[in-house]
Amino acid sequence: MSALYQRSATQIAAAVNAREVSAVEVLGAHMARIERVEPSIGAFLSLTADLAREQARRVDEAVAAGKRLPLAGVPVAVKDNMCLQGTVTTAGSKILAGWVAPYTATAVARLLEAGCLPVGKANLDEFAMGSSCENSALGVTRNPWDTDRVPGGSSGGSVAAVAAGEAALATASDTGGSIREPAAFCGVVGMKPTYGRISRYGLIAFASSLDQIGPIARTVEDAAAMYGVMAGHDPMDATSLPRPVEPTLPALRTDLRGLRVGLVREFDTKDLGEEIDAAYRRAYAQLAALGAEIVDVALPHAEYGLATYYLIAPAEASSNLARFDGVRYGLRVDGANVQEMYGKTRAAGFGPEVKRRILIGTYALSSGYYDAYYVRAQKARTLTAGDFERAFAACDLIACPAASSPAFEFGAKSDDPVSMYLMDYYTIPMSLAGLPALSVPCGFVRDGSPGGRELPLGLQLVAPLYEEARLFAAAHAYEQATRYTLDRQPPVVESVR
Ligand code: GLN
């Protein structure tokens, strides 16, 4: 059997429930692992070892008393924009540095009830705004496949922790791609559910009509198990869906017979370069080889996705972030009067990308420009949702890239915000339409330099609203048939034993 830190969440939970290993031992293995690899990875902003130890003891006691827990003793990294009572929760921002969460997010609380051990708070782009994790004001996270490269963002710490064996699972949030793009960059599975499936109570808001929490794992089965625990109605979140959640684990499949998979005409991969294009063609061929019928679908408004998103998301952000005013949360910089205090606090507390979004959003919402920008963006959003509805009349799932490129080097896109925004070209339309989508590893490309590393790519699968079970089922079949990252560790895992 592989080392404890290499085992899947499903394997860990089975072993802990069978009392072959204790939750305390599992935690010990992961804490040792964290100590070894954190200096080269930097996935965490803070560790919560005491809390995890306490929780491990509780899990062992429950199991000894005959209880079975779905995620017994499974170490989880919590993205640091989610509240975990008593822990510092920063959203990667100086404005919240040192702020202690007074309660626990529903999604996280459900994981704890299911037996998870919270090992630490994972790094992210400030307020989840970014695609590389470089916008974090509080730390640098490196990609375990090549530590000269970014892990992706905004959930960079979550995916790096899971890829490097520091946690079997991680929570993440996705507003326009923040689960799927970093999952692709780090060769793990990342899933964004239907909007409203998982409670956002206790998630620090970025753009409330888009934000959604989802699982990060090394296998599709683990992601499905984690989703099953987190999903379901929560009266504390007004946008939470009052619908039953279909069980995903029994639905997992090993073939794709009877499924029509749509390839999006507008998402031709030719422009992504020969090697990447070839990798996606191979992925689509593999779907067909598994029995899927490949069909052609169109998303004619996809090209407006980025423009639409970069009005709606900043507009909502500018309003959500008004609460950070030096009065109620975190940082306060004193001034001669209250107006000056607000200004100084926000000037010192927010980083450049967050300020850019607040400015764009405030502009888009200002009277005189509201109809021209915000209202038009909402109309374009409706058109995007209509595109998907029509596409899903002809297919059961859509397949496309999860990101525009593999992981890039630090600083490569820092001077050009639009080139950074383009990373989410393939993920934003699904966010606008509120659809469930995931990224599953679909191969590797060479980084081009002599002796260069191989970098993972992600295949994005998209399902109609509420069809998470179908999504996981198909992703599992593809993953089991291809096994790109199941039997292969990132170099940092190989080198730091
Ligand atoms: N990269 C996108 C942005 O910067 C999406 C981020 C996210 O999904 N949280 O807004």
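Residues numbered from 1 in each chain as written. Predicted model: local features only at pLDDT ≥ 70, side-chain atom pairs only at ≥ 80, totals over all residues. Heavy atoms only, no water.

Caption draft 1: Inspection of the overall build of the chain at higher detail. When its secondary structure is counted, the chain shows 16 helices and 11 strands. Its C-alpha atoms give the chain a radius of gyration of 21 Å, within 12% of the compact-globule value 23 Å for 497 residues. When its C-alpha atoms are laid out on the principal axes, the chain stretches across 65 × 55 × 50 Å. For the chain, buried positions account for 62% of its 497 residues. Pairs at least 24 residues apart make up 77% of the contacts formed inside the chain by residues separated by at least 6 positions. If the 47 positive side-chain charges of the chain are averaged to one point and the 54 negative ones to another, these points end up 3 Å apart. (Helix = DSSP H or I, 4+ residues; strand = E, 2+ residues; numbered from the N terminus. Rg over C-alpha atoms; globule rule 2.2 N^0.38 Å. Buried < 20%, exposed > 50% of the residue type's maximum accessible area, 1.4 Å probe, protein only. Contact = heavy atoms within 4.5 Å. Lys, Arg positive; Asp, Glu negative; His and termini not counted. Charge placed at Lys NZ, Arg CZ, Asp CG, Glu CD.)

Caption draft 2: Representation of unusual backbone geometry within the structure. With an omega dihedral of 5°, the bond running from Gly153 to Ser154 counts as a cis peptide bond. In this structure, Ser154 sits in the loop between strand S3 (117-122) and helix H5 (156-163). Not every positive phi belongs to a glycine, and Cys133 is a case in point at roughly 75°. Following the sequence through the fold, Cys133 ends up in the loop between S3 and H5. Note on Cys133: relative accessible area 2%, which makes it buried.

Caption draft 3: Focus on the packing of helix H4 (residues 106-113) against helix H7 (residues 220-230). Put simply, H4 and H7 touch, their axes get as near as 8 Å, and they point 110° apart. One finds that H4 runs roughly perpendicular with respect to H7. The hand of the H4/H7 crossing is right-handed. Residue-level contacts link Ala107, Arg110 and Leu111 of H4 to Met226, Val229 and Met230 of H7. Here the contact of H4 with H7 is built from residues that sort into five nonpolar, no polar and one charged. (Axes fitted to C-alpha atoms, helices over the stretch in contact; angles between N-to-C directions. Parallel < 35°, antiparallel > 145°, perpendicular 65-115°, else oblique. Left-handed = near helix turned anticlockwise from the far one by under 90°. Nonpolar A, V, L, I, M, F, W, Y, C, P; charged D, E, K, R; others polar.)

Caption draft 4: Region of interest: the site of the ligand. Every one of the 15 residues lining the ligand counts as a neighbour, but Thr175, Gly176, Ser178, Tyr309 and Asp424 are closest to it. Measuring from an oxygen atom of the ligand, one finds a backbone N or O atom of Gly176 at 2.7 Å. Coverage of the ligand by the protein chains reaches 100% of its 290 Å² of free accessible surface. Classifying every residue of the shell around the ligand gives five nonpolar, seven polar and three charged. (Near = heavy atom within 4 Å. Polar contact = N/O pair within 3.5 Å; in protein donor to acceptor, adjacent residues only side chain to side chain. Areas by Shrake-Rupley, 256 points an atom, 1.4 Å probe, with all protein chains shown as cover.)

Caption draft 5: Fine view of the pattern of salt bridges. Evaluation of the coordinates by the stated rule reveals 23 salt bridges. Arg53 is the salt-bridge partner of Asp50, the closest N and O atoms lying 2.9 Å from each other. Of the two residues, Asp50 and Arg53 are both situated in helix H3 (residues 49-64); the distance of three residues between them amounts to about one turn of the helix. Classification of Asp50 as exposed rests on a relative accessible area of 55%. (Salt bridge = Lys/Arg side-chain N within 4 Å of Asp/Glu carboxyl O.)

Caption draft 6: Region of interest: the packing of aromatic side chains. Counted under the stated rule, the structure contains 19 aromatic pairs. Here the aromatic rings of Phe267 and Tyr426 are separated by 5.0 Å at their centres, their planes lie at 85°, and the arrangement is edge-to-face. One end of the pair, Phe267, is in the loop between strand S7 (260-264) and helix H8 (274-289); the other, Tyr426, is in the loop between helix H13 (417-421) and helix H14 (428-433), with 159 residues separating them in the sequence. One exposure class covers both Phe267 and Tyr426, and it is buried. One aromatic cluster is present, built from ring pairs that chain together Trp99, Phe127, Phe324, Tyr329 and Phe350. The ring of Phe408 has Lys413 lying over it, and the distance from NZ or CZ to the ring centre is 5.2 Å. (Phe/Tyr/Trp six-rings, centres within 6.5 Å; stacked < 30°, edge-to-face > 60°. Lys NZ or Arg CZ within 6 Å of the ring centre and 35° of its normal.)

Caption draft 7: Region of interest: the sheet that holds strand S10 (residues 437-446). Spatially, the 11 strands line up as an open sheet ordered S1-S3-S2-S4-S6-S5-S10-S11-S9-S7-S8, and their pairing is mixed. Lying at the two open borders of the sheet, with one neighbouring strand each, are strand S1 (44-47) and strand S8 (293-297). In this sheet, adjacent strand axes meet at a mean angle of 30° when their direction is disregarded. Packed onto the sheet, helix H12 (residues 371-394) meets S7, S8, strand S9 (397-401) and strand S11 (454-462) and runs at close to 115° relative to S9. (Pairing = 2+ DSSP bridges.)

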